[in-house]
Amino acid sequence: GIEYIDSYVFNQVENIRFNSTVGKFVGYTELGLKNAETWNKGSELAQELGQLERYCKPNADIDYSVVLDKT
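Throughout what follows, the structure given in this document is the object of discussion. Because the structure is predicted, anything quoted here is derived from the model rather than measured.

### As for the environment of Thr21
At step 1: Relative to the assigned elements, Thr21 resides in the loop between strand S2 (13-19) and strand S3 (24-27).
At step 2: Considering only alpha carbons, one finds Thr21 and Glu3, 18 residues apart in sequence, at a separation of 6.0 Å.
At step 3: Within the structure, Thr21 has its side chain in polar contact with the side chain of Glu3 (distance 3.0 Å).

This is the structure we're talking about:
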């Protein structure tokens, strides 16, 4: 399967991450936890899920076939 991860880092600290396997945002700092709660209820979650469908899955098929062609 495909796993899509989108991390939000500030000052070399990961605050929040979207992970497609989990299916939602997860916060790692106090601010990240607050944002995750808000983003999981709003349009941000739909945008990340849309990226998975629009970009990751179609390109993964292309990238995988290129790797197979070279082996």
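### Quick word on helix H1 (residues 30-39)
At step 1: Taken together, the buried positions of H1 are occupied by Gly32, Ala36 and Trp39. Down the axis, H1 shows its buried residues gathered within 75° of arc, on one side only. Residues of H1 that are exposed and point more than 90 degrees away from the buried face comprise Glu30, Leu31, Leu33, Lys34, Glu37 and Thr38.

### Quick look at the nonpolar core
At step 1: The biggest cluster of nonpolar side chains holds nine residues, and these are Tyr4, Ile16, Phe18, Phe25, Ala36, Trp39, Leu45, Leu52 and Cys56.
At step 2: Listed by contribution, the elements that provide at least two residues to this core are S2, H1 and helix H2 (43-70).
At step 3: A per-element tally of this core places H2 first, with three residues.
At step 4: Apart from residues no more than four positions distant in its own chain, Ile16 is found in contact with Asp6, Ser7, Tyr8, Phe25, Val26, Gly27, Tyr28, Gly32, Asn35, Ala36 and Trp39.

### Side note on the sheet that holds strand S1 (residues 5-10)
At step 1: Ordered by their spatial adjacency, three strands build an open sheet running S1-S2-S3, and the pairing between neighbours is antiparallel. In the strand order of this sheet, the two ends are held by S1 and S3, each with one partner. Ignoring which end each strand starts from, the neighbouring axes of this sheet average 20° apart.
At step 2: In terms of strand pairing, S2 meets S3 through four bridges, oriented antiparallel. Within S3, the position partnered with Phe18 by the bridge is Phe25.

### As for the packing of aromatic side chains
At step 1: Using the criterion set out here, one finds five aromatic pairs in the structure.
At step 2: Measuring from ring centre to ring centre gives 5.9 Å for Tyr4 and Phe18, while their planes differ by 55°; the resulting arrangement is tilted. You can see Tyr4 sitting in the segment before S1 and its partner Phe18 sitting in strand S2, a full 14 residues away along the chain.
At step 3: Pairing Tyr8 with Trp39 gives two aromatic rings, centres 5.2 Å apart and planes at 70°, and the pair type is edge-to-face. One end of the pair, Tyr8, is in strand S1; the other, Trp39, is in helix H1, and 31 residues separate them in sequence.
At step 4: When its relative accessible area of 31% is taken as the criterion, Tyr8 is described as partly exposed.

Criteria and cut-off values
Residues numbered from 1 in each chain as written. Predicted model: local features only at pLDDT ≥ 70, side-chain atom pairs only at ≥ 80, totals over all residues. Heavy atoms only, no water. Helix = DSSP H or I, 4+ residues; strand = E, 2+ residues; numbered from the N terminus. Polar contact = N/O pair within 3.5 Å; in protein donor to acceptor, adjacent residues only side chain to side chain. Buried < 20%, exposed > 50% of the residue type's maximum accessible area, 1.4 Å probe, protein only. Arc of directions from axis to C-beta. Core = buried A, V, L, I, M, F, W, Y, C linked by side-chain atoms within 4.5 Å. Contact = heavy atoms within 4.5 Å. Pairing = 2+ DSSP bridges. Axes fitted to C-alpha atoms, helices over the stretch in contact; angles between N-to-C directions. Phe/Tyr/Trp six-rings, centres within 6.5 Å; stacked < 30°, edge-to-face > 60°.

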